[in-house]
Amino acid sequence: METLSYEIIIDAPLQKVWNALWTPANYSEWTRFFGAGSQMKSDWKVGGKTYFLNSNNEGMVSTIDSLDEPNQIVFKHLGMVKDGVEDTQSKEVMEWSGAFEKYFLIDLNGKTKLHAEVQVEKNWEEDMNKGFTEGLKVVKELAERN
């Protein structure tokens with residue numbers, strides 16, 4: 001497992017950047033580089049359930065490990081969802097279960113440094129690099145509007 005890191009400076013306060021990341025319409029916009037129709041469904045509770053899904057309602061089941069809005073959020077990936085069934089126990093899932101995805105927002109006198117980290121298997125590195133590199137540019141655009 002590798003940890004990949006991404007950073008971008010955004011000319012907007014923390015809360016605007018947070019909203020650009022996690023408001024449902026914005027989330028679908030910036031995560032389109034990972035897959036069209038991406039969506040996140042969450043109860044926004046530490047230890048609760050969060051789903052990262054594609055347009056077919058398939059994807060990952062995760063939990064929020066740590067939450068301090070609008071400063072940081074850490075997701076812990078637990079398994080997959082396929083055909084409406086959660087898989088947290090298969091051999092394939094157990095190879096990466098427990099991987100983290102972290103977002104830190106740091107105030108720079110009214111601007112925000114957005115730092116994202118994701119733990120992935122080597123074969124996902126190219127997809128993650130494209131998704132985060134392009135996606136964070138969109139987060140910047142969304143947060144800097146108005």
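Summarised in this report is the structure supplied together with it. From a predicted model like this one, the values you see are computed outputs, not experimental measurements.

### Let's talk about the overall build of the chain
Looking only at helices and strands, the chain features 4 helices and 8 strands. Beginning at the N terminus, the succession of helices and strands in the chain can be written as β-α-α-β-β-β-β-β-α-β-β-α. Compactness check: the chain gives a C-alpha radius of gyration of 15 Å against a globular reference of 15 Å for 146 residues, within 12% of the reference. With respect to the three principal axes, the spread of C-alpha positions in the chain is 45 × 30 × 25 Å.

### Focus: the nonpolar core
In terms of nonpolar packing, the biggest core is built from 31 residues, with Trp-22, Trp-30, Tyr-103, Leu-114, Phe-132 and Val-139 touching the most fellow members. Elements with a contribution of two residues or more to this core: β1 (2–10), α1 (14–22), α2 (24–30), β5 (72–82), β7 (100–108), β8 (111–120) and α4 (125–144). For this core, the element with the most residues is α4, which contributes 7 residues. Setting aside residues up to four positions removed in sequence, Val-139 forms contacts with Ile-10, Val-17, Ala-20, Leu-21, Trp-30 and Leu-114.

### Topic: the packing of α1 against α4
Each pair of packed helices gets described by two things: the angle between the helix axes and the distance between those axes. Two numbers describe how α1 lies on α4: the axes approach to 8 Å, and their chain directions differ by 125 degrees. Taken together, α1 and α4 sit at an angle that is classed as oblique. The way α1 lies across α4 gives a crossing that is right-handed. Mapping the contact onto sequence places Lys-16, Val-17, Ala-20 and Leu-21 in α1 and Val-139, Leu-142 and Ala-143 in α4. Here the residues of the contact of α1 with α4 sort into 6 nonpolar, no polar and 1 charged.

### With respect to the side chain of Thr-63
Inspection of the secondary structure puts Thr-63 in strand β4 (residues 59–68). In this structure the side chain of Thr-63 is engaged in a polar contact, spanning 2.6 Å, whose partner is the backbone oxygen of Gly-48. Each residue touching Thr-63, except ones within four places of it in the same chain, is listed here: Gly-47, Gly-48, Val-74, Phe-75, Lys-76 and Leu-78.

### Regarding the side chain of Thr-31
In this structure, Thr-31 sits in the loop between α2 and β2 (39–42). Residue Thr-31 is classed as buried on the basis of its relative accessible area of 2%. A polar atom in the side chain of Thr-31 sits 2.5 Å from the backbone oxygen of Tyr-27.

Analysis parameters
- Residues numbered from 1 in each chain as written.
- Predicted model: local features only at pLDDT ≥ 70, side-chain atom pairs only at ≥ 80, totals over all residues.
- Heavy atoms only, no water.
- Helix = DSSP H or I, 4+ residues; strand = E, 2+ residues; numbered from the N terminus.
- Rg over C-alpha atoms; globule rule 2.2 N^0.38 Å.
- Core = buried A, V, L, I, M, F, W, Y, C linked by side-chain atoms within 4.5 Å.
- Buried < 20%, exposed > 50% of the residue type's maximum accessible area, 1.4 Å probe, protein only.
- Contact = heavy atoms within 4.5 Å.
- Axes fitted to C-alpha atoms, helices over the stretch in contact; angles between N-to-C directions.
- Parallel < 35°, antiparallel > 145°, perpendicular 65-115°, else oblique.
- Left-handed = near helix turned anticlockwise from the far one by under 90°.
- Nonpolar A, V, L, I, M, F, W, Y, C, P; charged D, E, K, R; others polar.
- Polar contact = N/O pair within 3.5 Å; in protein donor to acceptor, adjacent residues only side chain to side chain.

Purely geometric stuff here, so don't read any function into it on its own.
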